[in-house]
Amino acid sequence: MGVNITRDNVSQYQSQIRNWLLTTGANNGYSTTAQVVQLLEQIEAYGADVYIAAANVNDGSDDELNLYTVANNTTSVGALNKNGNKASFSFNNSLIDTWSLGEIEVKKLYDEQGKFAGYDLNDDGVKDIDKSYNSGGLSCTNPFLTGTSFATPYQLMEDFSA
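Residues numbered from 1 in each chain as written. Predicted model: local features only at pLDDT ≥ 70, side-chain atom pairs only at ≥ 80, totals over all residues. Heavy atoms only, no water.

Enquirer: I'd love a proper account of helix H3 (residues 148–161), names of residues and values included.
Expert: Between its first and last C-alpha, H3 extends 20 Å over 14 residues, near the 20 Å set by a 1.5 Å rise per residue. Where H3 is concerned, the buried positions are Thr-148, Ala-151, Thr-152 and Gln-155. Looking down the long axis of H3, one finds its buried residues gathered within 105° of arc, a one-sided arrangement. For H3, the exposed residues lying more than 90 degrees away from the buried face are Met-157, Phe-160 and Ser-161. Buried residues along H3 sit in contact with strand E1 (51–53), strand E2 (75–80) and strand E3 (98–101). (Helix = DSSP H or I, 4+ residues; strand = E, 2+ residues; numbered from the N terminus. Expected span 1.5 Å × (residues − 1). Buried < 20%, exposed > 50% of the residue type's maximum accessible area, 1.4 Å probe, protein only. Arc of directions from axis to C-beta. Contact = heavy atoms within 4.5 Å.)

Written as structure tokens, this is what we have:
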């Protein structure tokens, strides 16, 4: 008999999902995911704090699961928007341990001659990204970087600066 796993109760089944992944799942198309989960746990066992991005929604449904978040003794990070609410793009389930800013306003910086010099990511007036590097994701019309991959290092920074 199957179990109805929902975003609210998935943490109750974390160990069963992990065990399935490392046994049955590893032999049925999830071998790389199982190896990564084991490596994350080994890194943590060596004494490192391991933070995992909860993942971003690609189909409009935020009740999915990033299988890496079933790794034992790791911290799963969901994303908040600039107003401090759950970001619409972030996965949302009970395995998420903490929430951090995942919508970062990028500010353009200019040199003394008024020419564009680069981008400031944390509002400290220091150039974090040089003008010569642009992956195409930054523009005047969309000055935000978004994703749980941005929330995760923010949380790490917050935890270690406290």
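Enquirer: Can you explain unusual backbone geometry? Please cite residues and give values.
Expert: In this model, Ala-55 sits at a positive phi of 105°, which is unusual for a non-glycine residue. Note that Ala-55 resides in the loop between E1 and E2. Residue Asn-73 is not a glycine yet carries a positive backbone phi of 60°. Relative to the elements of secondary structure, Asn-73 occurs in the loop between E1 and E2.

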